Amino acid sequence: MTSGKILKYSLSFVLYFLIQVFILKDLVLFGYAFCFLYVFFILNLPHELPTVPLMLIGFFMGILIDLFYDSLGLHAASAVLLGFLRNPWIQVNTPTGGYDDNVPPTLLNMGMGWYLFYSIPLILIHHLLFFYIDILGTELYLPLVIRVLSSMAFTFLLGIIVQAVFYKKERVI
């Protein structure tokens, strides 16, 4: 990875973190749907990135968010699991021609069908772990399911909007 790409992803890390902590922290729809936009930072990192650095990036993003949310490692645990599962899931979803080098798996680069099949299960697992650890037996499972599904839909919709507005398609050289 070139120094320009490292700078780009570092700035992206800071931007996703700041948006999550200062804007999305208090954005809750109907008391159930939370938006964890930072998962898209982990999902949109280049597919060549090995699993251990992905898990470390997820841990640092999660633990920083936990500091501001007072959530005692919930985001860190969920983001580490997301980083652990992402590369095997990318291998399962390999397109017929394979992946182009240095092209991140974003909506614009991969298409809507592939991106839906790639991101929805990972976001679902992230949210399921997050909310399951959060309630840990203190509530019934129906509120857990409602919270997970509504938060997953809210996060996915906002992530798609952010990618459509602010991302551009990478060119293969």
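Looking at an unreviewed UniProt entry, the chain carries the name Rod shape-determining protein MreD, with the source organism given as Cyclobacterium plantarum.

Participant: Tell me about the overall build of the chain, and name the residues and values.
Facilitator: Counting secondary structure elements, the chain contains seven helices and two strands. In the chain, the succession of helices and strands from N to C terminus is α-β-β-α-α-α-α-α-α. Across its three principal axes, the chain shows a C-alpha extent of roughly 50 × 30 × 30 Å. At a minimum sequence separation of 6, the contacts of the chain that also span at least 24 residues come to 75%. Accessible area of the chain: about 9300 Å², with a carbon and sulfur share of 74%. Once the 8 positive and 9 negative side-chain charges of the chain are each reduced to a mean point, those two points are 11 Å apart.

Participant: Requested: an account of the packing of aromatic side chains, with residues and values cited.
Facilitator: We describe a pair of aromatic rings using the distance from one ring centre to the other and the angle between the two ring planes. Per the stated rule, a full pass over the model turns up 15 aromatic pairs. When the ring of Phe59 is compared with that of Phe60, the centres are 5.6 Å apart and the planes differ by 65°; the resulting orientation is edge-to-face. Among the residues examined, Phe59 registers a relative accessible area of 35% and is labelled partly exposed. For Phe60, a relative accessible area of 46% translates into the label partly exposed. Connected via pairs of aromatic rings, a cluster forms that spans Phe34, Phe36, Tyr38, Phe130 and Phe131. The ring of Tyr9 is capped by Lys8, whose NZ or CZ atom sits 5.4 Å from the centre of that ring. Positioned above the aromatic ring of Tyr69 is the side chain of Lys25, whose terminal nitrogen or guanidinium carbon lies 5.7 Å from the ring centre.

Participant: If you had to explain the packing of helix 3 (residues 51-69) against helix 4 (residues 74-92) to someone new, which residues and values would you point to?
Facilitator: Where helix 3 contacts helix 4, the axes come no closer than 7 Å and their chain directions differ by 160°. The angle between the axes of helix 3 and helix 4 places the two elements in the roughly antiparallel class. In this structure, helix 3 crosses over helix 4, and the sense of that crossing is right-handed. For the pair formed by helix 3 and helix 4, the contact residues are Thr51, Leu54, Met55, Gly58, Phe59, Gly62, Ile63, Ile65, Asp66 and Tyr69 on the first element and Leu74, His75, Ala76, Ala79, Val80, Gly83, Phe84, Arg86 and Asn87 on the second.

Participant: Outline helix 6 (residues 112-135), supporting the account with residue identities and numerical values.
Facilitator: Owing to its 3.6 residues per turn, the α-helix brings residues three or four apart onto one side. Taking 1.5 Å of rise per residue, 24 residues should cover 34 Å, and helix 6 covers 33 Å from first to last C-alpha, within 8% of that figure. Within helix 6 the residues assigned to the buried category are Trp114, Tyr115, Tyr118, Ser119, Leu122, Ile123, His126, His127, Phe130, Phe131 and Ile135. Where helix 6 is buried, its residues touch strand 2 (33-34), helix 2 (38-43), helix 4, helix 5 (107-110) and helix 7 (141-166).

Participant: How would you sum up the UniProt feature "transmembrane region" (unreviewed entry) in the chain? Please name residues and give values.
Facilitator: The feature "transmembrane region" (unreviewed entry), as given by UniProt, occupies residues 6-24, 29-46, 52-69, 115-133 and 145-167 in the numbering adopted here. Strand forms 17% of residues 29-46 and helix 33%; the C-alpha atoms that close the span are 31 Å apart. For residues 52-69, helix accounts for 100% and strand for 0%, while the C-alpha atoms at its two ends are 25 Å apart.

Thresholds applied
Residues numbered from 1 in each chain as written. Predicted model: local features only at pLDDT ≥ 70, side-chain atom pairs only at ≥ 80, totals over all residues. Heavy atoms only, no water. Helix = DSSP H or I, 4+ residues; strand = E, 2+ residues; numbered from the N terminus. Contact = heavy atoms within 4.5 Å. Areas by Shrake-Rupley, 256 points an atom, 1.4 Å probe, with all protein chains shown as cover. Lys, Arg positive; Asp, Glu negative; His and termini not counted. Charge placed at Lys NZ, Arg CZ, Asp CG, Glu CD. Phe/Tyr/Trp six-rings, centres within 6.5 Å; stacked < 30°, edge-to-face > 60°. Buried < 20%, exposed > 50% of the residue type's maximum accessible area, 1.4 Å probe, protein only. Lys NZ or Arg CZ within 6 Å of the ring centre and 35° of its normal. Axes fitted to C-alpha atoms, helices over the stretch in contact; angles between N-to-C directions. Parallel < 35°, antiparallel > 145°, perpendicular 65-115°, else oblique. Left-handed = near helix turned anticlockwise from the far one by under 90°. Expected span 1.5 Å × (residues − 1). UniProt positions renumbered as here; feature names shortened; annotations may be inferred.

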